[in-house]
Amino acid sequence: MTFRAGEWRTIAGAGFGVVLLGLLSGTAVAGDTLKLRELSPNGADACFGRVYDAAHLKAHPKQKVARIFFYYGHDPVSRPNEEPTANADTSYNGFLSTTVRGAKAPEWAGGWCNHESEDGTSGPIRCGMDCDRTLASLKVDDKGRLLLSDLSSDIYLDPDSEEQLGKAEYNRQALGSEDDNFRLDPMPAATCKAEFARIDPIDPALGDPLRVRLKPDQPFCYGRDYDAAHMSSHPNQLTQSIRVFRGPVELASFASSGDAANWPDGADIAVSVTTRKNGTKVTQTYSCQGEADQWRCAASSKMSDFACDIAQKEIYLKRGANGMMMLANPNSSLAIVDLCSKAADGKTKSDDKVYRLEPMPQSACAPRGLPIFR
């Protein structure tokens, strides 16, 4: 169960080239879709791009970008995901994809694009990002080509990355000094979608999102029991057994206050863990919301009082291959430790970070009379 880099990404720390999708979806609504008629005269998704040949790159040695595409429209990256269907098709933003020389896949970022005038209908077009950063400035010339400027060399890096990485590594990861003022040709929307699909190819084994697999009015049970051989080979793992489920209590809670159109937002789940220390099972409730390709679930105090605010104790659920469910616990948010103790501060120190859970009969998740702390 050892956590490996690249095996799991939380939205808050997705890193290189990944936009905060939650921020994007909150910045544009369906009524905004026709604001920038220069980019999309008829309101359809618009694509602009350019692939530079060897002669151009040889003549511009300080330009790292070999392929660049700008997509204005609905999210071309996330694919059918865990966000509620009620929020679908409301995000109409700008998405940038670049592939540098020698790279196998593009990097990407996204932002919300608007005129910089007070009335929002004229003047230069700026695409903003989180932390008050600029994705790019846009202008369409008389031939319908997109002029893209103000592209920062650290567009895919954290704001303080130069200090963190050091100058040499920062320069290696940043774009080149000539990676700006691009002139992009109009292209079919399908061309941009195909380009963005190169970023994270679909794994057919993953199947439907959890949002589709799991129904708001139906119980489920996933879990894993670790045998003696596994525990012996993982001495730093505290979890002997784990269950993730929705039972009668969780179903009733959603039926009374949830909205099926916003599923899974507001869905309660229960997580039971038995540790190797004393064999006692403890159950904790979490409240979930769909976010990109995962459920983000915050610990809930609905059923009992806590000596601390546990709302920041979060776990993440994601679909796994062949019907499995993945659970990430990067920041000590499972009840394998006291959630209000110093042991629960910061990143998970034990080997209890990522779980691969199999579907089980609902009876395998029954409390069986053991203590439940919600």
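Computed from a predicted structure; not experimentally measured. (Residues numbered from 1 in each chain as written. Predicted model: local features only at pLDDT ≥ 70, side-chain atom pairs only at ≥ 80, totals over all residues. Heavy atoms only, no water.)

**Considerations on the pairing of strand β7 (residues 146-149)**
Working step 1: Covered by surrounding structure in β7 are Leu146 and Leu148 only, the residues Leu147 and Ser149 on the alternate face being uncovered.
Working step 2: Taking the residues that link successive antiparallel strands as the turn, the strand β6 (residues 134-140)-β7 hairpin has five residues, and the phi of Gly144 there is positive, at about 80°.
Working step 3: Across three bridges, the pairing between β7 and strand β8 (residues 182-187) is antiparallel. Within β8, the residue paired with Leu146 across the bridge is Leu184. (Buried < 20%, exposed > 50% of the residue type's maximum accessible area, 1.4 Å probe, protein only. Helix = DSSP H or I, 4+ residues; strand = E, 2+ residues; numbered from the N terminus. Pairing = 2+ DSSP bridges.)

**Overview of the sheet that holds strand β14 (residues 314-319)**
Working step 1: One closed barrel holds the eight strands; their spatial order is β9-β10-β11-β12-β13-β14-β15-β16, and the pairing between them is antiparallel. Adjacent strand axes in the sheet meet at a mean angle of 30° when their direction is disregarded.
Working step 2: Bridge count for strand β10 (residues 239-246) against strand β11 (residues 267-275) is six bridges, and the pairing is antiparallel. Among the inter-strand pairings, Val244 is bridged to a residue of β11, identified as Val271.
Working step 3: Against the sheet, helix α8 (residues 248-257) contacts β10, β11 and β12 (281-291), and its axis sits at roughly 160° relative to β11. (Axes fitted to C-alpha atoms, helices over the stretch in contact; angles between N-to-C directions. Contact = heavy atoms within 4.5 Å.)

**Details of the confidence of the model for the chain**
Working step 1: For the chain, the mean per-residue pLDDT works out to 84, and 85% of the residues sit at or above 70.
Working step 2: Per-residue pLDDT stays below 50 along residues 1-34; that stretch engages in 77 contacts with residues further than four places along the chain or on separate chains.
Working step 3: Of the regions scoring below 50 in pLDDT, residues 368-374 engages in 21 contacts with residues more than four places distant in sequence or in other chains. (pLDDT = per-residue confidence, 0-100.)

**Considering the pattern of salt bridges**
Working step 1: Applying the stated criterion across every chain yields a total of nine salt bridges.
Working step 2: When the shortest N-O distance is used, the salt bridge between Glu195 and Arg67 registers 2.7 Å. Note that Glu195 is positioned in helix α5 (residues 189-197) and Arg67 in strand β2 (residues 65-73), a separation of 128 residues in sequence.
Working step 3: A residue is classified by how much of its surface remains accessible, and Glu195, at 3% relative accessible area, is buried.
Working step 4: The salt bridge involving Arg172 is made with Glu169; its shortest N-O contact spans 2.7 Å. Of this pair, Arg172 and Glu169 are both found in helix α4 (residues 167-173), three residues apart, which corresponds to roughly one turn of the helix.
Working step 5: The class for Arg172 is exposed, based on a relative accessible area of 57%.
Working step 6: Classification of Glu169 by relative accessible area gives partly exposed; the value is 25%.
Working step 7: One salt-bridge network, held together by shared partners, links Arg67, Glu195 and Arg198. (Salt bridge = Lys/Arg side-chain N within 4 Å of Asp/Glu carboxyl O.)

**Considering the side chain of Asn329**
Working step 1: Structurally, Asn329 is set in the loop between β15 (325-328) and β16 (354-359).
Working step 2: By relative accessible area, Asn329 is classed as buried at 0%.
Working step 3: Within the local environment of Asn329, its side chain forms a polar contact with the backbone nitrogen of Leu334, the two atoms lying 3.3 Å apart.
Working step 4: With near-sequence residues (within four places) excluded, Asn329 lies in contact with Ile315, Leu334, Ile336, Thr348, Asp352, Lys353 and Tyr355. (Polar contact = N/O pair within 3.5 Å; in protein donor to acceptor, adjacent residues only side chain to side chain.)

**Brief notes about the sheet that holds β8**
Working step 1: Strand order in the closed barrel formed by eight strands is β1-β2-β3-β4-β5-β6-β7-β8, and the pairing between neighbours is antiparallel. Adjacent strand axes in the sheet meet at a mean angle of 30° when their direction is disregarded.
Working step 2: Of the pairings in the sheet, the one linking strand β3 (residues 93-100) to strand β4 (residues 107-115) comprises five bridges and is antiparallel in character. Of the residues in β4, the one forming a bridge with Ser97 is Trp108.
Working step 3: Most of the contacts of α5 go to β2, to which it runs at about 120°, and overall it touches β1 (46-51), β2, β3, β4 and β8.

**Thoughts on the environment of Ser363**
Working step 1: Tracing the backbone through its elements, the reader meets Ser363 in the segment after β16.
Working step 2: For Ser363, a relative accessible area of 52% gives the class exposed.

**Focus on the state of the cysteines**
Working step 1: One pass over the full model with this rule turns up four disulfides.
Working step 2: What pairs with Cys47 in a disulfide is Cys192, and their sulfur atoms sit 2.0 Å apart. Between Cys47 and Cys192 the disulfide shows an S-S torsion of about 80°. By sign, it is right-handed. You can see Cys47 sitting in strand β1 and its partner Cys192 sitting in helix α5, a full 145 residues away along the chain. Taken individually, Cys47 and Cys192 each receive the classification buried, so the pair is uniform in this respect.
Working step 3: Between the sulfur of Cys221 and that of Cys365 lies a disulfide, 2.0 Å long from S to S. (Disulfide = S-S within 2.5 Å.)

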